[in-house]
Each structure stands twice: as C-alpha cells, then as structure tokens.
Amino acid sequence: MTSGLWELVLKGIWTTVQLLVLSAVLATAVSFAVGIARTHRLWIVRFLAGFYTEVFRGTSALIMIFWVFFVLPLAFGWQLVPLWAGTLALGLTYGAYGAEIVRGALNSVDPAQREGGIALSFTRWQRMRKILLPQAVPEMIPPFSNLLVELLKGTALVSVMGMGDLAFSGNLVRLALQESAQIYTYILLIYFVIAFLLTRLMRGLENRLKAGVGKAPEPAVSVRRSETTTVGGGVS
C-alpha cells in the first residue's frame, strides 16, 4: 500500500480507539449507576433500572446508532456528530449489559459483610463504598473484559454513518486497491492486536485489585521430592 493509504488506516485506528475509550467510559458509568440502582431498597428505583436494562439489552446496537443519528435530529432539531452519536448509542447499549455484571457481583458478596456494616452503623453508601464495592469490583473485571472486547467489535457498526473508523477506512482501501483478501486480513489482525492488548490490560488490573483485597493468586511453587541416599546406595 502507498503511504497515503497507510495514513488512512492509521487515522481509522485512532478514530476507533477514541470511540472505544469514550463509549467505554460512558458504559462504565452507566453500568455502575444502573447496576447499583438494581439493588436499591426502593422498588420504583429497581423497576426503572430494570426497565432501562431490558430495553437496551433487547434492542440492536446498529438500530440504536441509526436512531441516535437519524431520529434524534428530527425530534430535537440538533444533529450529533458521528463520534458522539456512536459514543452515546454504544455506551448506553453496552452499559445495560454491564449493569447486570455489577448487580450480579454485588449480590454475590457474602450477606454477613452487609450485616457487619449495619452492625457498625454504616450508612447504605458507606457500606457500598467501604465493604461491597471493594469485594465486588475484582469479580467484575473478567466479564467486563469480555464486554470491552465486544464493545471494540461493536465500534465497527459506526461505519454505517460514514464515520472514518478502522472498518470504514479499511473498506476505502479495499476499494482503492481492489484487493479484498489482503486488506480484510490486515483489518482482522489489527482488531485482534487491540483486543489482545485490552485483555492483558484488564488481566493486570484484575490481579492488582484482587491483591488489594487479599485475593491475589499465589505464585506457583515447584515442589521437588528429596531423595535420601543410604550408605549402601539405596534410596529411602
């Protein structure tokens, strides 16, 4: 490929990374807000959080992108740029999946921990901040890692808006070179490398968080059987 085409691909990678980071931040905020609301003592809060989760889990991310980009301007009279439209659609959609991860992790904490917080006269927020979240967050990292990789793959959907992400840029290069197999193989490898780096980053974060609550995996210790040789040359 020429330098101009490589520059186009690099711009596509940068756009994809930007979209991934922004939508991941929004999805994380939504996940914790809605997930914690799913465990609230008031039924109306649990109902609204559950309604949001069901709606966004039950709709297509692609159609949500269409809706945010094409329908919102008709309803409100203003147009989001493709980057922010993609961020909003993907963040809200994947945040609904993340909310279930947060809810499940919070509910998995030993009830005795909650009772201990009540015995210490902690408020609900203090119990959440000092007892529940420190134990639940490390358990959220593996499913969040999978969700982050799914979000990375979901960023390719924004190409339908003409946004110059990696998928869109790769398709332009394919049209310019009339070489589908080679270009799409490169694009697959780039997505794989980004996903691999994300999983390694999340693995390191998981180990660090678990170490903070005393759950870090113990280093493997090789045990060698000692052999004692007797005077007569035997082994006991």
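Residues numbered from 1 in each chain as written. Predicted model: local features only at pLDDT ≥ 70, side-chain atom pairs only at ≥ 80, totals over all residues. Heavy atoms only, no water.

Enquirer: For this particular structure, what's the right way to read the nonpolar core?
Expert: Nonpolar side chains tend toward joint burial in soluble globular proteins. With 55 residues, the main nonpolar core has Leu 106 and Met 140 as its most contacted residues. Contributing elements (two or more residues each) for this core: helix H1 (3-37), helix H2 (43-57), helix H3 (61-76), helix H4 (82-107), helix H6 (124-154), helix H7 (166-177) and helix H8 (180-212). If near-sequence neighbours (up to four positions away) are discounted, Met 140 is found in contact with Phe 32, Ile 101, Val 102, Ala 105 and Leu 133. (Core = buried A, V, L, I, M, F, W, Y, C linked by side-chain atoms within 4.5 Å. Buried < 20%, exposed > 50% of the residue type's maximum accessible area, 1.4 Å probe, protein only. Helix = DSSP H or I, 4+ residues; strand = E, 2+ residues; numbered from the N terminus. Contact = heavy atoms within 4.5 Å.)

Enquirer: Where do I start with H7 in this structure?
Expert: Structurally, the α-helix is built with 3.6 residues per turn, so residues lying three or four positions apart point the same way. Here H7 contains 12 residues, and its C-alpha end-to-end distance of 16 Å stays within 8% of the 16 Å for a straight helix at 1.5 Å per residue. Among the residues of H7, those classed as buried are Leu 166, Ser 169, Gly 170, Val 173 and Arg 174. The buried residues of H7 all sit within an arc of 145° when viewed along its axis, so they share a single face. Its side-chain oxygen at 3.3 Å from the backbone nitrogen of Ala 167, Asp 165 defines the N-terminal cap of H7. (Expected span 1.5 Å × (residues − 1). Arc of directions from axis to C-beta. Polar contact = N/O pair within 3.5 Å; in protein donor to acceptor, adjacent residues only side chain to side chain.)

Enquirer: Can you walk me through the environment of Arg 57 in this structure?
Expert: Looking at the secondary structure, you find Arg 57 in helix H2. Exposure remark for Arg 57: the relative accessible area of 32% places this residue in the partly exposed category. Sequence separation between Arg 57 and Tyr 97 is 40 residues, and the spatial gap between their C-alpha atoms is 6.5 Å. Once residues within four sequence positions are removed from consideration, Arg 57 is found in contact with Ala 96, Tyr 97 and Glu 100. Within the structure, Arg 57 has its side chain in polar contact with the side chain of Glu 54 (distance 2.9 Å).

Enquirer: Got a minute to help me understand the packing of aromatic side chains in this structure?
Expert: Two aromatic rings are characterised by how far apart their centres lie and by the angle between their planes. Counted by the stated rule, this structure contains 10 aromatic pairs. Taken together, a centroid distance of 5.0 Å and an interplanar angle of 80° make the contact between Phe 69 and Phe 70 edge-to-face. Geometrically, the ring pair formed by Tyr 94 and Tyr 97 is tilted, given 6.3 Å between the ring centres and 45° between the ring planes. On the criterion of helical spacing, the pair formed by Tyr 94 and Tyr 97 is a turn pair, its members being three residues apart in helix H4. Here the aromatic cluster, defined as three or more aromatic residues joined through ring pairs, consists of Trp 43, Phe 47 and Phe 51. Cation over ring: Lys 130 sits above Phe 122, and NZ or CZ is 5.3 Å from the ring centre. (Phe/Tyr/Trp six-rings, centres within 6.5 Å; stacked < 30°, edge-to-face > 60°. Lys NZ or Arg CZ within 6 Å of the ring centre and 35° of its normal.)

Enquirer: Looking at this structure, I do not really get the pattern of salt bridges. What am I missing?
Expert: Any two side chains of opposite charge can pair, given that their charged atoms come close. Within the structure shown, the criterion is met by five salt bridges. Between Glu 100 and Arg 38 there is a salt bridge, with the nearest N and O atoms lying 2.4 Å from each other. One end of the pair, Glu 100, is in helix H4; the other, Arg 38, is in the loop between H1 and H2, and 62 residues separate them in sequence. Given the relative accessible area of 19%, Glu 100 is considered buried. For Lys 153, the salt bridge is made with Glu 150, and the minimal N-O distance between the two is 3.0 Å. Here Glu 150 and Lys 153 lie together in helix H6, a separation of three residues that amounts to about one turn. (Salt bridge = Lys/Arg side-chain N within 4 Å of Asp/Glu carboxyl O.)

Enquirer: Which parts of the structure should I look at to understand H3?
Expert: Over its 16 residues, H3 runs 21 Å from end to end, which matches the ideal 22 Å to within 8%, given 1.5 Å per residue. Of all bends in H3, the biggest is about 35°, found at Phe 70, and the proline Pro 73 comes one to four residues later. Here H3 has its buried residues at Ala 61, Met 64, Ile 65, Val 68, Phe 69, Leu 72 and Pro 73. Against H2 and H4 lie the buried residues of H3. With a side-chain oxygen positioned 3.2 Å from the backbone nitrogen of Leu 62, the residue opening H3 is Ser 60. A positive backbone phi angle near 80° is found at Gly 77, which sits one or two residues after H3. (Bend = angle between axes of the 7 residues up to and from the residue.)

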